[in-house]
Amino acid sequence: MTATGTPTGLSQGSRTHGGIGESTLRPDGFLKVTGEFAYSSDMWHEDMLWGHTLRSTVAHAEIRSVDIAEALATPGVYAVLTYDDLPAAVKHYGLEIKDTPALAHGKVRHHGEPVALVAADHPETARRAAAKIRVDYAELPVVTDEASATAPGAVLVHEHRTDHHSGRVPHPNVVHRQPVVRGDASAAARRAEVIVTGDYVFGMQDQAFLGPESGLAVPADDGGVDLYVATQWLHSDRAQIAPVLGLPEEKVRMTLSGVGGAFGGREDLSMQIHASLLALRTGKPVKMVYNRFESFFGHVHRHPARLHYEHGATRDGKLTHVRCRIVLDGGAYASSSPAVVGNAASLGIGPYVVDDIDIEVLALYTNNPPCGAMRGFGAVQACFAYEAQMDKLAAALGTDPVELRRRNAMSQGATMPTGQTVDSPAPVAELLRRVKALPLPPERQWEVAGGAPDVRALPGGLSNTTHGEGVVRGVGYAVGIKNVGFSEGFDDYSTARVRMEVVGGVPVATVHTAMAEVGQGGVTVHAQIARTELGVAQVTIQPADTRVGSAGSTSASRQTYVTGGAVKAACETVRERVLDLGRRKLGSYHPAWAHAGLRLEGGKVVTDAGEALAELADVLADEAVEAEQEWRHRPTEAFDPVTGQGNGHVQYSFAAHRAVVEVDTELGLVKVVELACAQDVGKALNPLSVVGQIQGGSTQGLGMAVMEEILVDPVTAKVRNPSFTDYLIPTILDTPTMPVDVLELADEHAPYGLRGVGEAPTLSSTPAVLAAIRAATGLELNRTPVRPEHLTGTG
Amino acid sequence: MRVTFTVNGRRTEADDVWEGESLLYVLRERLGLPGSKNACEQGECGSCTVRLDGVPVCSCLVAAGQAEGRDVVTVEGLADHARRRALARGRPYPEGAADGPALAPVQQAFVDAGAVQCGFCTPGLLVAADELLERAPDPSDADIREALSGNLCRCTGYEKILDAVRLAAVRQGARDARDDQEGSVR
């Protein structure tokens, strides 16, 4: 067990050999700091056109007519396409349920739904032509919440459902419902000496990745299309794109272009089909780049939620039971709502041991914006509520909130609500102990000896709204549990192709996968794995494309585990073949070639006693050794539809936070002073990247706590704030010092013992900040984000 | 219209510029300098930050015509700008690698500190951070936060960006020795 990565503890990497466990620097770092790295919006092609999407101005309406004549007549316009121009019988796509029309057909179901496409020689020409398309909408009533969606006679968002969940759900406007029932919560409730209940509201968060949805579609001579786009999963995109284009998959060739962040928001398609349609129609390359306004309509958001919880405990602080009901708003199309439901249900009570549980989670179809994947994926909403409940219970019992959590914390061998055994380390109590043991930041940091206060250290900052009067401090804690990888029986595999050869007298490994590098650092880690397994210094990472098998999605904290596992497996095969080659060529010269336990290290073949048998360059000579390997983690299984029982997850990850906040109680302004995190990562393959992921994830949780929310008008279902002026994400002034304490308790089932990192810190940071604000103000605060009016009692 | 200005030390002309085009669009789409990024195109995120006559601006909010006759430095010219600054101040500058000029200290520090993840915000942050270090070679954390508050980053949580600017200040200070108080070269 090691603690690494204090915020200022820089690791240079140059003193290392670049294997796993070292803070090797990013291979794309040079290109990214010089501006040469080509992101999807930087794609360019001679003679290319610009595509633009016309989106609905209303949330729910019949489309009576679409008049494109004036748009089409605009000089510089090459094509205007509507639903009628879709070339194939397949006109819908979707990750789990194919309910999303490539272009609106007959009706629109949410504000901002794509209705028509324009290709022109200048982006402004395309925008202006799109504005000339006349769409005649006959508005329909909207459903926006559980009451309106399930009321008798409610408008059905999808009136003819035939998907595999439709036969099981209690109402056609429920996408999916998953109960998890274990023990007898009603009987246990009778034994409880203290019961606390709470109702919580979780707002709609946006991934707000900085690189907008964009890319280039190039029509090919064979009638196919070459697509250069930013995505999280090339092969999933292709499987959805090709049928709508009426093309076989091999004629849709995809190459990952530079991805400016993702966080779940690029799991669903955005402009991929649209740019392809325009390119195939015009016979010219078509580039599409959303502006920020359109980006807010171009991807799914995090599900907003309403959560009701009941926790019971004995006087000595042992949980007797938990009952909860979570209603997620999935918006107009399913996206990944069913899987989000499964996560919220199976992880709904947090990292605690409770025998008697009654959980119900459902996701709705509404006319609100579609919601799907975002970092934390269903576990985030639940964590906000169950951690608020733990604080409430601690207060009712007169117990320290951290002590109450530690008394009920799960550990290795515990049973999940789903009946699954946690068969790897689960250091929940230890993570809490660690964040609590950190020294607290000094009080009243705005006070400057002998001078005026430094207002930059106060809530409100340079707005100079307070000099410290009315400012109170609070400290809060939270801990969470997140699954790693795809769950519920999904065939979650990845593919890697590894080649080893001598280039310029030096052994070089080449790694080719379809993994989407979205900023997380997968490319760094893959090179580290290849160096470790093959003993070479030089590793080339091939661009990700569809010429190699699927890597699965860059999501669910799974890529280092699964694609890293595939790279490791392919390297092992290459290693065995290299050793076979050596045995054939050189085996007669040294008896040690016959032994097992040979390894590749420092460019040599080395015995387990450390004796060098041969240079890799001599073994390989002019031969190249290549292997392609698919790799899977342990299989999982579906949850029982009635009881929720089943070994649904492959691995769990855990993080704990302590937040320190200062609140100006007069204006309701919050400054987060410090946000400390302790997380178990199993094995830090790259400690620098691990800390970066934890700090970034923590910051997104902080944003959710105090500022981030897509506001949807409850009457019209229209989005009110699709801009960075009105949808606020944390700036460097909003973000505090973030000490990170990394534990490395190996999971024996995972490659190198690693544990997915990216998501867990997004869970507990939000409730920790909320707990700190409650501690500072004494207010109940059952919704997130907290806005000034909630703190001043004026909203 | 035609716009004539200096970009990264080179006199440059852009033809057929439509009056509504931004400096950002002209740099990216007409001059082949896509380093300045298009994350919000409304002056909120700082990804398109360039220096216009030395002053950091959001190039998305500058009409291309406003750049007429003026001097623009983008991330593509940052290393050269830092080198010329160092030379003008009579200070040594790191040797370039075989395949190009050395990175500006702030660029190298971003790589070394892990301040680059997806990297989309990085060009704008680098231009802003380099300008800060030009006028305030030894900034406090509060100074760094204030100077970079117009640049959104969604990946890093900013802690490693702070680390990078601190590291660049130390490295620049170590090389620049005594005469940091001279102020800007502009």
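The structure presented is a predicted model; accordingly, all values stated were derived computationally and were not measured.

## Here we look at the interface of chain B and chain A
- Counting residues at the interface gives 56 residues for chain B and 68 residues for chain A.
- Of the roughly 4800 Å² buried at the junction of chain B and chain A (both faces included), carbon and sulfur atoms supply 58%.
- At the junction of chain B and chain A, the tally comes to six salt bridges.
- A salt bridge links A:Asp42 to B:Arg28; the nearest nitrogen and oxygen atoms lie 2.8 Å apart.
- Summed over the shared surface of chain B and chain A, the result is 27 residue pairs in polar contact (both at pLDDT 80 or more).
- For the side of chain B that touches chain A, the elements supplying multiple residues, two or more each, are helix H1 (23–30), helix H3 (105–113), helix H4 (122–135), helix H5 (141–147) and helix H6 (159–176) of chain B.

## Some points on the sheet that holds strand S31 (residues 783–784) of chain A
Residues and elements named next belong to chain A.
- Read from one edge of the open sheet, six strands run S9-S18-S17-S16-S10-S31, paired in mixed fashion. Unpaired on one side and paired on the other, strand S9 (174–182) and S31 mark the two borders of the sheet.
- Contacts between helix H10 (residues 379–397) and the sheet are confined to strand S10 (194–202), strand S16 (305–313), strand S17 (319–329) and S31, with S10 contributing the most and set at about 145 degrees to the helix.

## Observations concerning the domain arrangement of chain A
Residue and element names in this part refer to chain A.
- You can read the domains of chain A as domain 1 (2–37 + 493–632), domain 2 (40–140 + 212–259 + 266–298), domain 3 (154–205 + 303–379) and domain 4 (423–487 + 646–792).
- Distance between the C-alpha centres of domain 1 and domain 4: 35 Å.
- Each partner contributes to the interface: domain 1 provides 30 residues, whereas domain 4 provides 32 residues.
- Across the domain 1 to domain 4 interface the summed buried area is about 2300 Å²; carbon plus sulfur atoms make up 59%.

## A look at the pairing of strand S18 (residues 356–364) of chain A
All names here are of chain A.
- Where burial is concerned, most of S18 is hidden: eight out of the nine residues are buried.
- As judged from the eight bridges shared by S9 and S18, these two strands associate in the antiparallel manner. Each bridged residue has a counterpart across the sheet, and for Val180 the counterpart in S18 is Ile359.
- In the sheet, S17 pairs with S18 via nine bridges, with the strands oriented parallel. Counterpart to Arg325 in the pairing with S18 is Glu360.

## A closer look at helix H7 (residues 272–282) of chain A
Residue and element names in this part refer to chain A.
- Burial analysis of H7 places nine of its eleven residues in the buried class, which makes it a mostly covered element.
- Those residues of H7 that fall on the buried side of the exposure criterion are Gln272, Ile273, His274, Ala275, Ser276, Leu277, Leu278, Ala279 and Thr282.
- In the stretch just after H7, Gly283 is the one whose phi turns positive, near 70 degrees.

## Concerning the pattern of salt bridges
All names here are of chain A.
- Following the criterion strictly, the structure yields 72 salt bridges over all chains and no others.
- A salt bridge links Glu447 to Arg444; its shortest N-O distance comes to 2.7 Å.
- The exposure class assigned to Arg444 is partly exposed, which follows from its relative accessible area of 39%.
- A salt bridge links Arg658 to Glu674; the nearest nitrogen and oxygen atoms lie 2.9 Å apart. Remark: Glu674 occurs in strand S29 (residues 669–680) and Arg658 occurs in strand S28 (residues 651–664); sequence separation between them is 16 residues. Each member of the pair Arg658 and Glu674 is classed as buried.
- What you see here is one network of salt bridges that share partners, running through Arg26, Asp28, Lys32 and Glu517.

So, how was this worked out
Residues numbered from 1 in each chain as written. Chains lettered and ligands numbered in written order. Predicted model: local features only at pLDDT ≥ 70, side-chain atom pairs only at ≥ 80, totals over all residues. Heavy atoms only, no water. Contact = heavy atoms within 4.5 Å. Buried area = accessible area lost by both parts, 1.4 Å probe. Salt bridge = Lys/Arg side-chain N within 4 Å of Asp/Glu carboxyl O. Polar contact = N/O pair within 3.5 Å; in protein donor to acceptor, adjacent residues only side chain to side chain. Helix = DSSP H or I, 4+ residues; strand = E, 2+ residues; numbered from the N terminus. Pairing = 2+ DSSP bridges. Axes fitted to C-alpha atoms, helices over the stretch in contact; angles between N-to-C directions. Domains from an automatic or database assignment. Buried < 20%, exposed > 50% of the residue type's maximum accessible area, 1.4 Å probe, protein only.

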